[in-house]
Amino acid sequence: MKLTLKIWRQENKDTKGKMVTYPIDGIEGDMSFLEMLDVLNEELVEKGEEPVEFDHDCREGICGMCSLQINGEPHGPNRHITTCQLHMRSFKDGDTIVIEPFRAKAFPVVKDLIVDRSSFDRIQQAGGYVSVNTSGNTIDANAIPVNKHDADESFNAATCIGCGACVAACKNASAMLFTSAKVSQYALLPQGRIEAVDRVKAMVRQMDEEGFGNCSNTGACEIECPKDISLENIARMNREYLMATTKG
Amino acid sequence: MGGLLKSSIARKVAMALSGLFLVLFLFQHFSINFTSVICQDTFNELSHFMGTNFFVQAILQPILIFGVIFHFIMGFVLEIKNRNARTYSYVKYNGAANSSWMSRNMIYSGAVILAFLCLHFYDFWFPEISHKYIHRLPEDPTRYYEETVVKFKDLWRVILYVISFIFLMLHLLHGFSSSFQSMGWNNKYSKGLRGFTVAFAIIIPLGFIFIALFHYFNQL
């Protein structure tokens with residue numbers, strides 16, 4: 001397969017970036033998208049050029065490390081997969097592929113296609129946890145009954161891998177889907193209810209401080225999410241937040 | 001108000017509540033306007049009531065004007081904040097792949113509706129205020145029908161009204177059900193709500209278009 005790649009190159013966060021065109025040949029349909037970039041990088045290194053920097057880790061769709069805006073969509077044209085799970089058979093011989101970093105004020109570019117997503121870490125740190133007494137009197141979480149529906153909903157929310165595709169897809173660069181998934185996974189469980197009021201207020205405050213946009217309910221985040229996190233989580237977070245504000 | 005609307009969620013809820021209030025007003029406005037194509041006297045009676053009733057004039061009208069201004073200002077504030085959240089745009093952005101045109105362009109459909117409201121106020125609201133409070137002319141309960149239909153004599157105005165109602169349709173198609181999501185209402189009834197949204201968003205603007213065209217062709 002012969003392709004033309006248009007890739008965002010940026011030396012570091014302080015320099016101006018630009019799109020650079022790279023022709024590439026010999027790409028197999030069974031290669032993953034990241035393997036195709038590996039091939040490109042080998043060619044660039046052989047020519048003595050700087051390889052394209054991009055984030056990756058597990059390459060199994062679990063870690064949430066890979067990103068990339070591919071032809072205008074986070075994680076490419078297929079649904080419910082990450083970039084590492086995208087295969088080159090999704091493209092045709094002769095295609096031009098535009099590859100950019102996830103764009104948001106809260107996701108500054110570090111180098112080429114790598115963005116700093118630590119704003120998500122700070123949202124999580126603001127309240128995405130349960131406080132547990134670990135002094136030796138810890139109660140087994142399974143000792144508290146949880147109804148199946150809530151357990152399933154909580155688990156579904158907890159499958160968010162924090163990749164940032166929701167922010168990348170949103171026209172407003174809103175982080176509502178990510179934050180709401182983290183709020184929901186605790187709000188639905190009895191262990192998480194105790195700190196629910198403080199949690200939602202702290203996480204929403206941090207989300208706003210990081211400079212993410214407002215939710216316009218376009219639903220783009222839900223469509224592009226590799227883990228199929230539902231918009232119901234955003235509605236739940238809005239309810240949680242409204243109830244929390246009435247409690248001072 | 002700044003303190004109350006400090007969080008992004010509070011701003012969205014305020015936007016949703018003001019939008020739903022305007023939807024209620026829109027339905028009431030349509031119901032009265034539609035009587036103009038059925039019965040001239042009923043239209044005059046209802047318009048006279050709305051134009052002279054103390055509760056409507058002194059309480060509901062200021063609330064409505066506040067609601068309209070608030071909705072527009074908040075819409076622009078949110079748009080500016082949202083644009084600032086992505087300082088560098090994508091070279092290629094395929095929004096159509098994951099969201100509707102209506103949901104991505106509420107600011108533009110809203111801006112067209114705002115421009116229409118300026119024309120609409122110029123046509124009806126300012127003359128009404130002038131009649132009642134500036135020139136203090138005697139009240140004539142039968143004047144409303146004639147004052148309304150005469151505005152639809154000009155083709156250019158009818159075309160502007162029709163275009164505006166199409167943008168109102170696009171705005172409502174996303175805005176109505178979206179406001180419930182903003183307020184945290186997403187459950188097993190949401191699918192039904194989206195169906196109702198589509199029906200309401202199409203029927204009401206089409207009804208307004210019908211009224212405008214009816215009076216235009218009636219005067220040819």
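These figures come from a predicted structure and were not determined experimentally. (Residues numbered from 1 in each chain as written. Chains lettered and ligands numbered in written order. Predicted model: local features only at pLDDT ≥ 70, side-chain atom pairs only at ≥ 80, totals over all residues. Heavy atoms only, no water.)

**Student:** An account of the overall build of chain A is requested, with residue identities and associated values reported.
**Tutor:** Across its full length, chain A holds 9 helices and 7 strands. With respect to the principal axes defined by its C-alpha atoms, chain A has extents near 60 × 40 × 35 Å. Sorting the 248 residues of chain A into buried and exposed places 53% on the buried side. Excluding contacts between residues fewer than 6 apart, the proportion of contacts in chain A whose partners are at least 24 apart in sequence is 69%. In the structure as shown, chain A presents an accessible area of about 11,000 Å², 50% of it carried by carbon and sulfur atoms. (Helix = DSSP H or I, 4+ residues; strand = E, 2+ residues; numbered from the N terminus. Buried < 20%, exposed > 50% of the residue type's maximum accessible area, 1.4 Å probe, protein only. Contact = heavy atoms within 4.5 Å. Areas by Shrake-Rupley, 256 points an atom, 1.4 Å probe, with all protein chains shown as cover.)

**Student:** Explain the overall build of chain B to me, using residue names and the numbers behind them.
**Tutor:** Helices and strands together make up the secondary structure of chain B, namely 8 helices and 0 strands. Element order for chain B, N to C, with α for helix and β for strand: α-α-α-α-α-α-α-α. With the principal axes as the frame, chain B shows a C-alpha extent of 55 × 40 × 35 Å. Surface summary for chain B: the accessible area is close to 11,800 Å², and the carbon and sulfur share equals 72%. For chain B, the distance from the average position of its 17 positive side-chain charges to the average position of its 10 negative side-chain charges is 24 Å. (Lys, Arg positive; Asp, Glu negative; His and termini not counted. Charge placed at Lys NZ, Arg CZ, Asp CG, Glu CD.)

**Student:** Explain the interface of chain B and chain A to me, using residue names and the numbers behind them.
**Tutor:** Often the size quoted for an interface is simply the accessible area lost on bringing the parts together. Each partner contributes residues to the interface: chain B has 35 residues there, and chain A has 47 residues. Ranking the residues of chain B by area buried against chain A places Ile9(B), Tyr90(B) and Asn98(B) at the top, with a combined share of 20%. Linking chain B with chain A are 0 salt bridges. Where chain B touches chain A, the interface holds 27 residue pairs in polar contact (both at pLDDT 80 or more). Contributions of two or more residues to the side of chain B that touches chain A are made by helix H1 (8-34), helix H3 (54-84), helix H4 (101-104) and helix H7 (155-182) of chain B. Class assignment of the residues belonging to the side of chain B that touches chain A gives a composition of 11 nonpolar, 16 polar and 8 charged. (Buried area = accessible area lost by both parts, 1.4 Å probe. Salt bridge = Lys/Arg side-chain N within 4 Å of Asp/Glu carboxyl O. Polar contact = N/O pair within 3.5 Å; in protein donor to acceptor, adjacent residues only side chain to side chain. Nonpolar A, V, L, I, M, F, W, Y, C, P; charged D, E, K, R; others polar.)

**Student:** Can you break down the packing of helix H2 (residues 40-52) of chain B against H3(B) residue by residue, with the values?
**Tutor:** Residue and element names in this part refer to chain B. Two elements in contact, H2 and H3, have axes separated by 4 Å at closest approach and are oriented at 55 degrees. Overall, the two elements H2 and H3 adopt an arrangement that is oblique. Of the residues in H3, those touching H2 at Phe49, Met50, Gly51 and Thr52 are Phe54, Val56 and Gln57. Each residue belonging to the contact of H2 with H3 can be placed in one class, and the counts come to 4 nonpolar, 3 polar and no charged. (Axes fitted to C-alpha atoms, helices over the stretch in contact; angles between N-to-C directions. Parallel < 35°, antiparallel > 145°, perpendicular 65-115°, else oblique.)

**Student:** Describe the pattern of salt bridges, naming the residues involved and giving the relevant values.
**Tutor:** Residue and element names in this part refer to chain A. One pass over the structure, following the stated rule, counts 21 salt bridges over all chains. Note that glutamate 11 is salt-bridged to lysine 111, the shortest N-O span being 3.8 Å. Highlighted residues: glutamate 11 in the loop between strand E1 (3-9) and strand E2 (18-24) and lysine 111 in strand E6 (residues 109-111), separated in sequence by 100 residues. On the basis of relative accessible area, lysine 111 is assigned to the buried category, the value being 15%.

**Student:** How would you sum up the nonpolar core? Please name residues and give values.
**Tutor:** Membership of the largest hydrophobic core comes to 40 residues, with the highest contact counts inside it found for Phe107(A), Phe120(A), Val167(A) and Phe212(A). At the level of secondary structure, the elements contributing two or more residues to this core comprise helix H2 (118-127), helix H4 (165-169), helix H5 (176-187), helix H7 (196-209) and helix H9 (232-246) of chain A together with H1 of chain B. Looking at which domains feed residues into this core, each of domain 1 (3-111) and domain 2 (118-246) of chain A gives three or more. With residues near it in sequence (within four places) discarded, Val167(A) still touches Ala104(A), Phe107(A), Phe120(A), Ala173(A), Ser174(A), Ala175(A), Phe212(A) and Arg86(B). In this structure, Leu26(B), Tyr161(B), Leu168(B) and Ile211(B) belong to the second largest nonpolar core, which totals 31 residues. (Core = buried A, V, L, I, M, F, W, Y, C linked by side-chain atoms within 4.5 Å. Domains from an automatic or database assignment.)

**Student:** Can you break down the packing of aromatic side chains residue by residue, with the values?
**Tutor:** Scanning all chains against the criterion turns up 29 aromatic pairs over all chains. Consider the rings of Phe120(A) and Phe212(A), whose centres lie 5.9 Å apart with planes at 40 degrees: the pair is tilted. One end of the pair, Phe120(A), is in helix H2; the other, Phe212(A), is in the loop between H7 and helix H8 (220-224), with 92 residues separating them in the sequence. This pair shows no difference in class: Phe120(A) is buried, exactly as Phe212(A) is. When the ring of Phe176(B) is compared with that of Phe200(B), the centres are 5.3 Å apart and the planes differ by 65 degrees; the resulting orientation is edge-to-face. You can see Phe176(B) sitting in helix H7 and its partner Phe200(B) sitting in helix H8 (residues 190-218), a full 24 residues away along the chain. Looking at Arg103(A), its charged tip hangs above the ring of Trp8(A), at a distance of 4.2 Å from the centre. (Phe/Tyr/Trp six-rings, centres within 6.5 Å; stacked < 30°, edge-to-face > 60°. Lys NZ or Arg CZ within 6 Å of the ring centre and 35° of its normal.)

**Student:** Now, about the domain arrangement of chain A: what can you tell me, with residues and values included?
**Tutor:** Residue and element names in this part refer to chain A. Assigned domains of chain A: these are domain 1 (3-111) and domain 2 (118-246). Measuring from the centre of the C-alpha atoms in domain 1 to the corresponding centre in domain 2 gives 29 Å. Opposite the 20 residues of domain 1 that make contact, domain 2 presents 21 residues. Surface buried jointly by domain 1 and domain 2 totals about 1,400 Å² across both partners, of which 58% is contributed by carbon and sulfur atoms. Of all residues in domain 1, the largest losses of buried area upon contact with domain 2 belong to His80, Ala106 and Phe107, amounting jointly to 35% of the total for that side. Between glutamate 224 and arginine 79 there is a salt bridge, and its shortest N-O distance comes to 3.2 Å. At the boundary of domain 1 and domain 2, one finds 4 residue pairs in polar contact (both at pLDDT 80 or more). Broken down by class, the residue content of the side of domain 1 that touches domain 2 amounts to 9 nonpolar, 7 polar and 4 charged.

**Student:** Lay out the sheet that holds E1(A) with the relevant residues and their values.
**Tutor:** Residue and element names in this part refer to chain A. As summarised here, the arrangement of the 5 strands in space is E2-E1-E5-E3-E4, forming an open sheet in which the pairing is mixed. With one partner strand each, in any of the chains shown, E2 and strand E4 (73-74) form the two edges of the open sheet. Packed on one face of the sheet, helix H1 (residues 33-46) meets E1, E2, strand E3 (69-70) and strand E5 (96-100) and runs near 90 degrees to E2. (Pairing = 2+ DSSP bridges.)

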